[in-house]
Amino acid sequence: MRRGDSGSSMKAESRSGRTRARRLRKQCSPGPRIRADAESDEAKSRDKMENTKDNTMTSAQSEPTAPDRSGAPTPFVELFNTFAVLWLKPETEGAVEGLQRLVDVLGLKPPFPLSSAELQKEYARLFLGVGPETVSLCESAWTSPLRLVCQEAQFECRRAYAAAGLAVPPDSGIPDDHLGMTAAFLAVSIEKGAWGAARAFAANHPAKWVPAVAAQLAKRPDARIYRTVAEGFLKTLDRLQDER
C-alpha cells in the first residue's frame, strides 16, 4: 500500500479501476476505520495501509530482508508492495517495472515483452468480470462454504489489521480479504519488524487459498502475465516461512 495524498504525482485511476471500486462497494460493507496509536511509526504504517491508490516500489537497500538459500537477500517489503499493486491496481505507474524487478529477484520465467496496457487488459479479463471464467481475488470466495464474498475471512483479516493498528479505508470499496490488501498488510508488518505476525497471517490466510488461484491461472491460456505473478507470490510466501 502506498503513502500519498491529493498532490501525488501518480496517475489517476483508469476506467477499470473505477469500475472495480464501484462493484466492490456494492458487494461489501467495509468496516470502521481503526484508530492507530500516537507513535510516529504507527502513524506512518496507518498511512501506508489507508492510501492504496499509488503504491510505489521501494528500494530493497533500505528495507528488512532475509537471506534466501543462495545467500542473496530477499526484499520482502518491496516484493509484497509490488504484489499489492499487481493484484489491486495494475494501472499504477511503475507496475510493469515492478513486475520486471519481481521476476529478476525470484528467478521466474519472464512474461515479456509486455506493456502497461497489456497488463491492465489481462487483469480486467481475468479478475473484473462477473461470469464463470472470472477468478476472484477475495479469500471468502475460495474458503466460505458457499463460495461467497464478504464472509468470515473478510472479518478475520479486518481483525488482524485492527490488531496492528491498521484499517482499510471505509470509502475504498475494497474488501479486507482482497489479495491486494493482504499483500500490502504483509509489507507493512514486515517493515514494522513484525516478522512473526506476518508469517502467521500469511500461513492462516493467503497460503491457504492462493495456491488454488495459481492452479486456475496456470490452466488459462489468457493468463500469460498473471500466472507468473501468482507463481511469484507463492514463492515469496514460501521464502517468508523458510527464512528465519
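One can find the structure itself at the top, above this paragraph.
Being a predicted model, the structure only gives us computed values, none of them experimental.

A. Representation of the overall build of the chain. On a plain count of helices and strands, the chain comes out with 11 helices and two strands. Residue burial in the chain is summarised as follows: out of 244 residues, 52% are buried. Taking all contacts inside the chain whose residues are at least 6 apart in sequence as the whole, residues at least 24 apart take part in 71%. A total accessible area of about 11200 Å² is found for the chain, and carbon and sulfur atoms account for 51% of it.

B. Local environment of the side chain of K89. Counting through the fold element by element, K89 comes out in the loop between α3 (76-88) and α4 (95-106). Within polar-contact distance, the side chain of K89 engages the side chain of E91 at 2.9 Å.

C. Focus on the side chain of T236. By the secondary structure assignment, T236 is in helix α11 (residues 226-242). Judged by relative accessible area, which is 0%, T236 ranks as buried. Of the polar contacts made by the side chain of T236, one reaches the backbone oxygen of G232; its length is 2.8 Å. When sequence neighbours within four positions are dropped, the list of residues in contact with T236 reads F76, L79, F80, F83 and L106.

D. Here's a closer look at helix α7 (residues 152-163). The end-to-end C-alpha separation of α7 is 17 Å, in line with the 16 Å expected for 12 residues at 1.5 Å each. Those residues of α7 lying buried are A153, Q154, C157, R158 and Y161. On an axial view of α7, the arc spanned by its buried residues comes to 140 degrees, and they lie on one face.

E. Seen up close, the packing of aromatic side chains. On inspection of all chains with the given rule, the structure shows 14 aromatic pairs. A ring pair is formed by F76 and F80, whose centres lie 6.4 Å apart and whose planes are at 20 degrees; its orientation type is stacked. Of this pair, F76 and F80 both sit in helix α3, four residues apart, which is roughly one turn of that helix. When the centroid spacing of 5.7 Å and the interplanar angle of 85 degrees are considered together, the rings of F76 and W195 count as edge-to-face. Of this pair, F76 sits in helix α3 while W195 sits in helix α9 (residues 195-204), and the two are 119 residues apart along the sequence. Neither residue differs from the other here; F76 and W195 are each classed as buried.

Conventions we followed
- Residues numbered from 1 in each chain as written.
- Predicted model: local features only at pLDDT ≥ 70, side-chain atom pairs only at ≥ 80, totals over all residues.
- Heavy atoms only, no water.
- Helix = DSSP H or I, 4+ residues; strand = E, 2+ residues; numbered from the N terminus.
- Buried < 20%, exposed > 50% of the residue type's maximum accessible area, 1.4 Å probe, protein only.
- Contact = heavy atoms within 4.5 Å.
- Areas by Shrake-Rupley, 256 points an atom, 1.4 Å probe, with all protein chains shown as cover.
- Polar contact = N/O pair within 3.5 Å; in protein donor to acceptor, adjacent residues only side chain to side chain.
- Expected span 1.5 Å × (residues − 1).
- Arc of directions from axis to C-beta.
- Phe/Tyr/Trp six-rings, centres within 6.5 Å; stacked < 30°, edge-to-face > 60°.

By themselves, these figures tell us nothing about what the structure is for.
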